[in-house]
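If you want the building blocks of each chain, they are given just below.
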Amino acid sequence: MRSNLRVRRSPNHSTNHATHRSRRAAQAAAAAVIAGALTLTACGGDNKDKGKDNNGTESSGGSGGVTLPKLDGASLEVAAVWTGPEQANFKKVLAEFEKRTGAKVTFVPAQDPIINFLGSKIAGGKPPDVAMLPQPGAIKQAVDKKWAKPIGAEAQAELSKNYSQGWQDIGKVDGKQYGVYYKAANKSLIWYNAKVFENAGAQEPKTWKDLLATAQTIYDSGVTPFNVAGADGWPLTDWFENVYLSQAGPEKYDQLAQHKIKWTDPSVKQALTTLAQIWGKKDFVAGGGAGALQTEFPASVTQTFTGGDQPKGAMVFEGDFAQVNIAETKAKVGTDAKVFPFPTVGSTAPVVSGGDAAVILKDSKAAQALATFLASPDAATIQAKLGGYLSPNKNVPNSAYPNAVQQKIAKALIAAGDDFRFDMSDQTPQAFGGTPGKGEWKDLQDFLKNPTDVAGTQAKLEKDAAAAYGSGS
């Protein structure tokens, strides 16, 4: 789910959700957009100038500018599971909010699952004012528990101006807006070591069959094709979701996300069998299944881009947020580290996204102002310039992203409009799709260990899903 978006799902990730609205998604069109955007050079607009309005309130010039109140003496706590560069970069956004409003903002490091963390804080009478939630399912839980407060008119106006309807809808519960999706992830990408591909004479694959052929070509050149982050369960759910969405189609995807069909459905069998074509071939996975289960997400990325043209693995699957980890190596994105869209498995290529939403837990003028700021291009542009970040805000200048690869990924996400599907595991109850060592994460780790046990894996997935949906947890 997730990027961090986690450990969650992103470099830490997170990524999520169970109140996902059905998308009338033209998957073929969206796939074409992403494929095209990843092969064409993107362009962007200029950054907006900041100034003062007639009331002395900080604002930004241009159509994307946001007006914020003066909040001298106000204080806010913002909780998120982000760590490392993700946390540091977000703190710079909060610092700008402090500068413009006079409010004092404290970042509160949270643990996964964040709903459990928030529950303990609320039980102790000290909830943060705002929490960044990585799953629509978590937003729904926060609403059901009466923790979450609705978004006010100012933030809603920013959302309406800057976001597609689809990104607004996934922050709603029962038609009311509770979440502001500040961060997104394009989770249909495979990153690769360009030197390895060059040495092997390998081409970027367009279909799953092509991917298997490319993997064989890489293997024949003397390099293991894939690094798989099996120690973290969430990247395995993302593998499954891309295969399933492309192969089974968006309607089945929505049905499985809502548990309207069972995990024992033949479509799940087909997807697991397809995954086993890579996961079940020891020569294709660095360290085999056992090695993959010892590999955490950050390592799966860094070991793809260390060791020169003899890395542990030539490719690694995950979202745009992998750039945060690539930056920890000497590899340069766009030159040494390149990317291609997740290949078409069925009739269309998958477009899977994830995201983190700001949700207000303690309603106040300051909390509402922060939600408004996070819904504006002003906030997102700050973090976009720092890298390892993707915004669903369509009014963030494409030129704000620090490299051509990131610009292409961002342009693709915005151009896809509502034609995407949100991370399936992030739509499910957290007990099933968002808890380390349990539910889908654990079941897919067991499948990675034994990819021949398709029926047994389906049975475990259905048992765990039925329990989680039945309890609503």
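Model, not experiment: these values are computed from the prediction.

Re the overall build of the protein chain
- The number of helices and strands found in the protein chain is 20 helices and 14 strands.
- Scored against the burial criterion, the 473 residues of the protein chain give a buried share of 62%.
- When the accessible surface of the protein chain is summed, it comes to about 16800 Å², and 49% of that surface belongs to carbon and sulfur atoms.

A look at the side chain of Ser-246
- Within the fold, Ser-246 resides in helix 9 (residues 233–248).
- Not counting chain neighbours up to four residues away, the residues in contact with Ser-246 comprise Thr-344, Val-345, Gly-346, Ser-347, Thr-348, Ala-349 and Pro-350.

So, the sheet that holds strand 9 (residues 189–193)
- Taken together, the four strands give an open sheet; going across it, the order is 10-11-9-12, and neighbouring strands pair in mixed fashion. The open sheet has two edge strands, strand 10 (226–227) and strand 12 (337–341), and neither has a second partner.
- Relative to strand 11 (residues 315–317), strand 9 is paired through three bridges, and the arrangement is antiparallel. Across the sheet, Trp-191 pairs through a bridge with Val-316, a residue of strand 11.

Here we look at the side chain of Ser-376
- Looking at where Ser-376 falls in the secondary structure, it is placed in the loop between helix 15 (365–374) and helix 16 (377–386).
- Overall, the relative accessible area of 0% leaves Ser-376 in the buried class.
- Beyond its immediate stretch of four places on either side in the chain, Ser-376 contacts Val-66, Glu-158, Asn-162 and Asn-393.

Here's the deal with the packing of helix 11 (residues 266–279) against helix 19 (residues 439–449)
- At a minimum axis distance of 10 Å, the contact between helix 11 and helix 19 shows a crossing angle of 55 degrees. It follows that helix 11 is oblique to helix 19 by the angle criterion. For helix 11 against helix 19, the interelement crossing comes out right-handed. Each of Leu-272, Leu-275, Ala-276 and Trp-279 in helix 11 lies in contact with helix 19, whose residues at this interface are Leu-444, Phe-447 and Leu-448.
- Among the residues making up the contact of helix 11 with helix 19, the classes are represented as seven nonpolar, no polar and no charged.

Examining the packing of aromatic side chains
- With the rule as written, the count across this model stands at 24 aromatic pairs.
- Plain terms: the ring middles of Trp-239 and Trp-279 are 6.3 Å apart, the flat faces sit at 80 degrees to each other, and that makes the pair edge-to-face. Within this pair, whereas Trp-239 is found in helix 9, its partner Trp-279 is found in helix 11, the two being separated by 40 residues in sequence.
- The exposure class of Trp-239 is buried, given its relative accessible area of 2%.
- Judged by centre distance (5.8 Å) and plane angle (65 degrees), the ring pair of Phe-297 and Phe-321 falls under edge-to-face. Of the two residues, Phe-297 is situated in helix 13 (residues 297–302) and Phe-321 in the loop between strand 11 and helix 14 (322–326); the sequence distance between them amounts to 24 residues.
- Three or more aromatic residues link up through ring pairs in this structure, and these residues are Trp-208, Phe-226, Trp-239, Trp-279, Phe-317, Phe-342 and Phe-447.
- A cation over an aromatic ring shows up here: Lys-183 above the ring of Trp-82, its NZ or CZ 5.4 Å from the ring centre.

Some thoughts on unusual backbone geometry
- For the bond from Asp-112 to Pro-113, the omega torsion is -5 degrees, close enough to zero to count as cis.
- Positive phi, close to 55 degrees, is recorded for Asp-174, a residue that is not glycine.
- Tracing the chain through its elements places Asp-174 in the loop between strand 6 (172–173) and strand 7 (176–177).
- Even without being a glycine, His-259 presents a positive backbone phi close to 60 degrees.
- Inspection of the secondary structure puts His-259 in the loop between helix 10 (250–257) and helix 11.

Parameters and conventions
Residues numbered from 1 in each chain as written. Predicted model: local features only at pLDDT ≥ 70, side-chain atom pairs only at ≥ 80, totals over all residues. Heavy atoms only, no water. Helix = DSSP H or I, 4+ residues; strand = E, 2+ residues; numbered from the N terminus. Buried < 20%, exposed > 50% of the residue type's maximum accessible area, 1.4 Å probe, protein only. Areas by Shrake-Rupley, 256 points an atom, 1.4 Å probe, with all protein chains shown as cover. Contact = heavy atoms within 4.5 Å. Pairing = 2+ DSSP bridges. Axes fitted to C-alpha atoms, helices over the stretch in contact; angles between N-to-C directions. Parallel < 35°, antiparallel > 145°, perpendicular 65-115°, else oblique. Left-handed = near helix turned anticlockwise from the far one by under 90°. Nonpolar A, V, L, I, M, F, W, Y, C, P; charged D, E, K, R; others polar. Phe/Tyr/Trp six-rings, centres within 6.5 Å; stacked < 30°, edge-to-face > 60°. Lys NZ or Arg CZ within 6 Å of the ring centre and 35° of its normal.

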